[in-house]
Amino acid sequence: MTAQKLDGVATAAAIKDELRVRVAALAERGIVPGLGTLLVGDDPASRSYVTGKHRDCAEVGVASISVELPATATQEEIADAVRGMNADPAVTGFIVQLPLPKGVDENAILELVDPAKDADGLHPTNLGRLVLGVDPRTAVAAPLPCTPAGIIELLTRHGVEIAGKHVTVIGRGITVGRPLGLLLTRKGTDATVTLTHSRTPDLAAEVSRADIVVAAVGQPHLVQSEWIKPGAAVLDVGVTRVGTTESGKAKLAGDVDPAVAEVAGWLSPNPGGVGPMTRALLVANVVETAERLAG
Ligand SMILES: Nc1nc2c(c(=O)[nH]1)N[C@@H](CN(C=O)c1ccc(C(=O)N[C@@H](CCC(=O)O)C(=O)O)cc1)CN2
């Protein structure tokens, strides 16, 4: 068997086509949504992700507001930049690119984001609304964390059934694993989830009973083909820089061993799978916020 591709590039392009229409409708009412990004430090991967986010915005007609601080920025300087974004009327929604440099209290910074402008859905108020299962159609609906929402869109748009399935998520981080568990078990999505982590005693056993596997741990080729139930859908989220190519480009490895393609029914490439979906769902959050504000 060779797995079918869960194509994040094509699916993100389809979502951006839909967003372009919604942005044009807002423009007719004189509204231009704006995404703000706060990038602290000079990590090349973070810079490349932020550049991709602004490129996506330009493609659909969303404005970009970019703020950068050096790696030496203090907690208070970062906090001031967040307050600036909260107050800027051109910013409909914004993100603080993670991770922040060592020594910065990340949670304290995320708590300063105005929940109404939280494009990442990572403010405690919005995560709390996710826990409460607030109806997404209501005025107090929370933006959903972008990678988990992107994973669900990627599966549903490829016709992969989630309801009634067993999903094993590897990794309990705040941007992927933890909120993904909440989203998958919501009424209407109805998966059964095993959320695993570095202290899970027998990871292979947990993965081998899954219909859907999500690997978001940042350990190159951790997930082995022998662990996979034949026909399962496998989403490769984590990425690790494992060296440089002869031309000086970063060499990347996902969390999933390439041999998994011989056993799985569906596999998301990495790059080209969940990454572009994360960015598309971020733009969707900004557009949705602008629509909500416009009534
Ligand atoms: N504030 C946030 N910070 C981080 C998040 C997040 O959701 N919010 N998640 C990750 C990184 N991430 C988002 O920022 C992210 C990761 C990957 C991609 C992406 O487009 N990847 C491409 C490859 C691009 C490249 O190699 O340069 C792909 O997979 O095809 C976008 C966003 C941590 N931080």
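Residues numbered from 1 in each chain as written. Predicted model: local features only at pLDDT ≥ 70, side-chain atom pairs only at ≥ 80, totals over all residues. Heavy atoms only, no water.

If you check an unreviewed UniProt entry, the protein chain appears there as Bifunctional protein FolD from Microbacterium dauci. Under the Sequence similarities (unreviewed entry) heading, UniProt states for the protein chain: "Belongs to the tetrahydrofolate dehydrogenase/cyclohydrolase family." (UniProt positions renumbered as here; feature names shortened; annotations may be inferred.)

Undergrad: Give a detailed account of the overall build of the protein chain, specifying residues and quantitative values.
TA: The number of helices and strands found in the protein chain is 9 helices and 11 strands. Computed over its C-alpha atoms, the radius of gyration of the protein chain comes to 19 Å, within 12% of the 19 Å expected for a compact globule of 295 residues. Seen through its C-alpha atoms, the protein chain measures out along the principal axes to roughly 50 × 40 × 35 Å. With 295 residues in all, the protein chain has 49% of them scored as buried. Taking all contacts inside the protein chain whose residues are at least 6 apart in sequence as the whole, residues at least 24 apart take part in 72%. Carbon and sulfur atoms form 54% of the exposed surface of the protein chain, whose accessible area is close to 13500 Å². (Helix = DSSP H or I, 4+ residues; strand = E, 2+ residues; numbered from the N terminus. Rg over C-alpha atoms; globule rule 2.2 N^0.38 Å. Buried < 20%, exposed > 50% of the residue type's maximum accessible area, 1.4 Å probe, protein only. Contact = heavy atoms within 4.5 Å. Areas by Shrake-Rupley, 256 points an atom, 1.4 Å probe, with all protein chains shown as cover.)

Undergrad: Give a detailed account of the UniProt feature "domain: Tetrahydrofolate dehydrogenase/cyclohydrolase catalytic" (unreviewed entry) in the protein chain, specifying residues and quantitative values.
TA: The feature "domain: Tetrahydrofolate dehydrogenase/cyclohydrolase catalytic" (unreviewed entry), as given by UniProt, occupies residues 6-120 in the numbering adopted here. A helix fraction of 50% and a strand fraction of 16% characterise residues 6-120, whose end C-alpha atoms lie 23 Å from each other.

Undergrad: Residues and numbers for the nonpolar core, please.
TA: Counting 45 residues, the largest nonpolar core has Val-62, Ile-151, Leu-155, Leu-184, Ile-212, Val-214 and Leu-235 as its most contacted members. Going through the elements one at a time, α1 (8-28), α2 (44-60), α6 (146-157), β5 (166-170), α7 (177-184), β7 (212-215), β8 (233-236) and α9 (274-294) are the ones with two or more residues in this core. With 10 residues, the top contributor of residues to this core is α9. The contact partners of Val-62, leaving out residues within four places of it in the chain, are Val-23, Pro-33, Gly-34, Leu-35, Cys-57, Val-283, Val-286 and Val-287. Membership of the second largest hydrophobic core comes to 20 residues, among which are Leu-69, Ala-81, Val-96 and Leu-122. (Core = buried A, V, L, I, M, F, W, Y, C linked by side-chain atoms within 4.5 Å.)

Undergrad: Explain the layout of surface pockets residue by residue, including any values.
TA: In this approach, a probe sized like a water molecule rolls over the atoms, and the result shows the empty space that is left. If you add up the space inside the largest pocket, you get close to 1400 Å³. Lining the largest pocket are 46 residues, and of these Tyr-49, Gln-97, Val-237, Val-239 and Gly-275 sit closest to its centre. Among the elements of the structure, α2, α6, β9 (239-244), β10 (250-254) and α9 are those that each provide at least two residues to the lining of the largest pocket. In terms of residue count, the dominant contributor to the lining of the largest pocket is α2 (9 residues). Among the residues making up the lining of the largest pocket, the classes are represented as 22 nonpolar, 16 polar and 8 charged. Of the voids in this model, the second largest pocket is the one considered here, and its volume is about 500 Å³. Taken together, 25 residues line the second largest pocket, and the ones lying closest to its centre are Leu-144, Ala-149, Glu-153, Leu-281 and Glu-288. The set of elements that each furnish at least two residues to the lining of the second largest pocket consists of α1, α5 (124-132), α6 and α9. Ranked by residues supplied to the lining of the second largest pocket, first place goes to α6 with 6 residues. Of the residues contributing to the lining of the second largest pocket, the split by class is 14 nonpolar, 3 polar and 8 charged. (1 Å grid on protein atoms, 1.4 Å probe; cavity = no way out; pocket = protein on both sides within 12 Å on 5 of 7 lines; lining within 4 Å. Points joined across faces, edges and corners; volume = space filled by probe spheres on them. Nonpolar A, V, L, I, M, F, W, Y, C, P; charged D, E, K, R; others polar.)

Undergrad: Just give me the short version of the site of the ligand, but keep the residues and values in it.
TA: In the neighbourhood of the ligand, 15 residues make up the surrounding shell, with Ser-48, Lys-53, Asp-120, Gly-272 and Arg-279 lying closest. Contact distances for the ligand include 2.4 Å between an oxygen atom and a side-chain N or O atom of Ser-48. Between the ligand and the protein, one listed contact pairs a nitrogen atom with a backbone N or O atom of Leu-98 at 2.8 Å. The fraction of the free accessible surface of the ligand (680 Å²) that becomes covered by protein chains is 79%. One can see that the ligand is located within the largest pocket. Its residues placed into classes, the shell around the ligand shows 6 nonpolar, 5 polar and 4 charged. (Near = heavy atom within 4 Å. Polar contact = N/O pair within 3.5 Å; in protein donor to acceptor, adjacent residues only side chain to side chain. Sits in = over half its atoms within 2 Å of the grid points.)

Undergrad: I'd love a proper account of the sheet that holds strand β3 (residues 63-69), names of residues and values included.
TA: In space, the 3 strands of this open sheet follow the order β3-β2-β4, with parallel pairing throughout. If you trace the sheet from one side to the other, it starts and ends with β3 and β4 (93-96), each paired once. Neighbour to neighbour, the strand axes of the sheet diverge by 15° on average, direction disregarded. As defined by bridge partners, strand β2 (residues 34-40) adjoins β4 across 4 bridges and the pair is classed as parallel. Bridge pairing in β4 places Leu-38 opposite Val-96. Against the sheet, helix α3 (residues 75-87) makes contact with β2, β3 and β4, and its axis sits at roughly 175° relative to β2, the strand it touches most. (Pairing = 2+ DSSP bridges. Axes fitted to C-alpha atoms, helices over the stretch in contact; angles between N-to-C directions.)

Undergrad: Explain the environment of Ile-15 to me, using residue names and the numbers behind them.
TA: Residue position: Ile-15 is located in helix α1. Its relative accessible area of 5% is what places Ile-15 among the buried residues. Residues Ile-15 and Glu-153, 138 residues apart in the sequence, show an inter-C-alpha distance of 9.4 Å. Ignoring sequence-local partners within four residues, the contact set of Ile-15 consists of Glu-153, Arg-157, Met-277, Ala-280 and Leu-281.

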